[in-house]
Amino acid sequence: MKSFKHLGVALGFLAGTTFGSGIAFLFRFSPVQLMLSVALFGLAGILSGLLTSKIWYNQIQEH
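The structure displayed is predicted, hence computed values, not measured ones.

**Things to note about a nonpolar patch on the surface**
Turning to step 1, where the next piece is worked out: Taken together, the side chains of F25, L26, F27, F29 and L34 present a nonpolar region at the surface, about 570 Å² in accessible area.
Turning to step 2, where the next piece is worked out: By secondary structure assignment, the location of F29 is in the loop between α1 (2–26) and α2 (31–62).
Turning to step 3, where the next piece is worked out: Using a relative accessible area of 33% as the deciding quantity, one classes F29 as partly exposed.

Right, here's the structure in full:
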């Protein structure tokens, strides 16, 4: 389970920060808004990565 959590956090953080910087680029945010966008989407990515890894781990354990 530990490796699934680490993988979920890493991939979620990567996806969230990439998405946040892309949104900031498209909307031409100022530097402060850029940092806030990347930070918030990074945290959201971490949470979704943890949730996804927990769901996948539970499905693997059922089979």
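**A few points about α2**
Turning to step 1, where the next piece is worked out: Compared with an ideal rise of 1.5 Å per residue, which puts 32 residues at 46 Å, α2 spans 46 Å between its outermost C-alpha atoms and is within 8% of the ideal.
Turning to step 2, where the next piece is worked out: Those residues of α2 lying buried are S37, G42, G45, G49 and S53.
Turning to step 3, where the next piece is worked out: Where α2 is buried, its residues touch α1.

**A few points about α1**
Turning to step 1, where the next piece is worked out: With 25 residues, α1 should reach 36 Å at 1.5 Å per residue; the first-to-last C-alpha distance of 36 Å fits that figure.
Turning to step 2, where the next piece is worked out: G8, G12, G16, T17, G20 and A24 are the residues of α1 that are buried.
Turning to step 3, where the next piece is worked out: Two residues or fewer after α1 comes R28, characterised by a positive phi angle close to 50°.

**Some details on the environment of S53**
Turning to step 1, where the next piece is worked out: Tracing the sequence through the fold places S53 in helix α2.
Turning to step 2, where the next piece is worked out: Residue S53 is classed as buried on the basis of its relative accessible area, which comes to 4%.
Turning to step 3, where the next piece is worked out: Along the sequence, S53 and G8 sit 45 residues apart, while their C-alpha atoms lie 5.3 Å from each other.
Turning to step 4, where the next piece is worked out: Once residues lying within four places of it in the same chain are set aside, the contact partners of S53 are F4, K5 and G8.

About the cut-offs
- Residues numbered from 1 in each chain as written.
- Predicted model: local features only at pLDDT ≥ 70, side-chain atom pairs only at ≥ 80, totals over all residues.
- Heavy atoms only, no water.
- Patch = residues over 30% accessible without salt bridge, like charges linked within 9 Å, V, L, I, M, F, W, Y side chains within 5 Å.
- Areas by Shrake-Rupley, 256 points an atom, 1.4 Å probe, with all protein chains shown as cover.
- Salt bridge = Lys/Arg side-chain N within 4 Å of Asp/Glu carboxyl O.
- Helix = DSSP H or I, 4+ residues; strand = E, 2+ residues; numbered from the N terminus.
- Buried < 20%, exposed > 50% of the residue type's maximum accessible area, 1.4 Å probe, protein only.
- Expected span 1.5 Å × (residues − 1).
- Contact = heavy atoms within 4.5 Å.

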